[in-house]
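Spelled out, the chains give:
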Amino acid sequence: TINAIYSDIGGNLFDPFNGKKDLNNGLIEFIGDPATRIQEDYLRILRYIRFFLGYSKNQHNKNTVKIIKQNLSGLKKVSKERQLQELKKIIFTENFNKINSDKDSKEIFLLIFPELKHLNKINKLDNLSINILKKKSFAFILSLLLIDKTDDCDYFIYKYNLSNKEKDKINLLNSIFSEDPKKDFFSKENLSKILLKNGRENLIDILDYKILITKKNREYFIDLKKYFIDFEIPVMPINAKELID
């Protein structure tokens, strides 16, 4: 109902299903029969999760949850591109981390995206971690939820039509963090090589990932990040034209 509030060019509100009242009360309900609405477009299952995380002030309607679970197989009829677009909106919902304390939303989410099982990594974050994540890309957050010692990361990339840049980002982080990095990996010498090869943005992502998953020695990695933010990349003093001359 909250997604069926309209306005004309003059700002006059049209609210045929009392969506404004439901929005004020934090009530997330389908218009009419939930099964009928879902079967018209199965992507509404994901929209329900997004709206619930973003706006709900109440518990789930148990009958609605039951109907959603009964219709999950219908998402096979929805293109992976549309599912991915909706997943992106869910992940960037301001209250996305609320999913860890919402049993029903979390269960439905993981039934649809079982590879994204590391939701605990965004549970009860401190202010530093929250501020880091606010500035991160979709691919970075996917990496945080995906990467472990299984092949789920590779499977997710195969399953969904990610852009080449997103694939490269996830693959880079996966190549480093799917196993425990060697002790000297985070030396300034080695990180300087990564900076020159992969660019500053990717290096900062590597350090931010480490900060987010690390409980010990965080200050060391925070200092490394500050160092490489200001690090001046050396420029070759001789260019091709000079060599030709």
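Please read all numbers here as calculations on a predicted model, not as lab measurements.

Here the focus is the nonpolar core. If you look at the biggest cluster of nonpolar residues, it comprises 70 residues, and the most contacted ones within it are L87, F96, L142 and F156. Leave out the neighbours within four places in its chain, and F96 touches L53, I90, I91, F109, L119, I122 and L145.

In total, this model carries 18 salt bridges according to the counting rule given. Notably, a salt bridge pairs K169 with E201, separated by 2.9 Å at the nearest N-O pair. Separated by 32 residues along the polypeptide, K169 in helix 10 (residues 164-177) and E201 in helix 12 (residues 200-213) bring together distant segments of the chain. On the accessibility criterion, E201 (48% relative accessible area) is partly exposed. Across the pair K169 and D205 runs a salt bridge, and its minimum N-O distance is 2.5 Å. On the criterion of sequence distance, the pair formed by K169 in helix 10 and D205 in helix 12 is long-range, its members being 36 residues apart. Overlapping salt bridges, with partners in common, bring together K136, K169, E201, D205, D208 and K225 in one network.

A few words now on the packing of helix 4 (residues 62-70) against helix 6 (residues 103-112). Relative orientation of the contacting elements helix 4 and helix 6 amounts to 5 degrees, with a least axis distance of 11 Å. For the element pair helix 4 / helix 6, the angle class is roughly parallel. Residues K62, V65, I68 and K69 of helix 4 pack against D104, E107 and I108 of helix 6. Residue composition of the contact of helix 4 with helix 6, by class: 3 nonpolar, no polar and 4 charged.

Another aspect to go through is the layout of surface pockets. Any space left empty among the atoms is revealed by the rolling of a water-sized probe across them. Looking at the largest pocket, its volume works out to about 380 Å³. Together, I91, F92, T93, E94, F96, N97, I122, L125, I130, L133, K134 and I141 line the largest pocket. Broken down by element, the residue count for the lining of the largest pocket peaks at 3 residues, all from helix 7 (residues 127-134). One number sums up the size of the second largest pocket: a volume of about 320 Å³. Every residue lining the second largest pocket is counted, 16 residues in all, and those nearest its centre are T1, N3, F30, I31 and R44. Elements represented by at least two residues in the lining of the second largest pocket include exactly helix 2 (34-40) and helix 3 (44-55). Top contributing element to the lining of the second largest pocket by residue count: helix 3, with 4 residues. A class-by-class count of the residues in the lining of the second largest pocket yields 9 nonpolar, 2 polar and 5 charged.

Now for the side chain of D22. Structurally, the position occupied by D22 is in helix 1 (residues 19-25). Buried charged residue D22 carries no salt bridge. Nearest counter-charge: K21, at 6.4 Å.

Let us look at unusual backbone geometry. Phi at K124 takes a positive value of approximately 50 degrees, unusual for a residue other than glycine. Phi angles above zero are rare outside glycine, and N217 is one such case at about 55 degrees. Along the polypeptide, N217 turns up in the loop between helix 12 and helix 13 (218-229). Residue N217 is classed as exposed on the basis of its relative accessible area, which comes to 58%.

On to the packing of aromatic side chains, then. Given two aromatic rings, one states the distance between the centres and the angle between the planes to describe the pair. The full count for this structure, using the stated rule, is 18 aromatic pairs. Judged by centre distance (5.8 Å) and plane angle (35 degrees), the ring pair of Y48 and F52 falls under tilted. Separated by 4 residues within a single helix, Y48 and F52 lie in helix 3, roughly one turn from each other. Across the pair, exposure class does not vary: Y48 and F52 are buried alike. Their ring planes at 50 degrees and their centres at 5.7 Å tell us that Y227 and F231 sit as a pair that is tilted. On the basis of relative accessibility, which here comes to 35%, the residue Y227 falls in the partly exposed class. For F231, a relative accessible area of 18% puts it in the buried group.

Cut-off values and rules
- Residues numbered from 1 in each chain as written.
- Predicted model: local features only at pLDDT ≥ 70, side-chain atom pairs only at ≥ 80, totals over all residues.
- Heavy atoms only, no water.
- Core = buried A, V, L, I, M, F, W, Y, C linked by side-chain atoms within 4.5 Å.
- Buried < 20%, exposed > 50% of the residue type's maximum accessible area, 1.4 Å probe, protein only.
- Contact = heavy atoms within 4.5 Å.
- Salt bridge = Lys/Arg side-chain N within 4 Å of Asp/Glu carboxyl O.
- Helix = DSSP H or I, 4+ residues; strand = E, 2+ residues; numbered from the N terminus.
- Axes fitted to C-alpha atoms, helices over the stretch in contact; angles between N-to-C directions.
- Parallel < 35°, antiparallel > 145°, perpendicular 65-115°, else oblique.
- Nonpolar A, V, L, I, M, F, W, Y, C, P; charged D, E, K, R; others polar.
- 1 Å grid on protein atoms, 1.4 Å probe; cavity = no way out; pocket = protein on both sides within 12 Å on 5 of 7 lines; lining within 4 Å.
- Points joined across faces, edges and corners; volume = space filled by probe spheres on them.
- Lys, Arg positive; Asp, Glu negative; His and termini not counted.
- Phe/Tyr/Trp six-rings, centres within 6.5 Å; stacked < 30°, edge-to-face > 60°.

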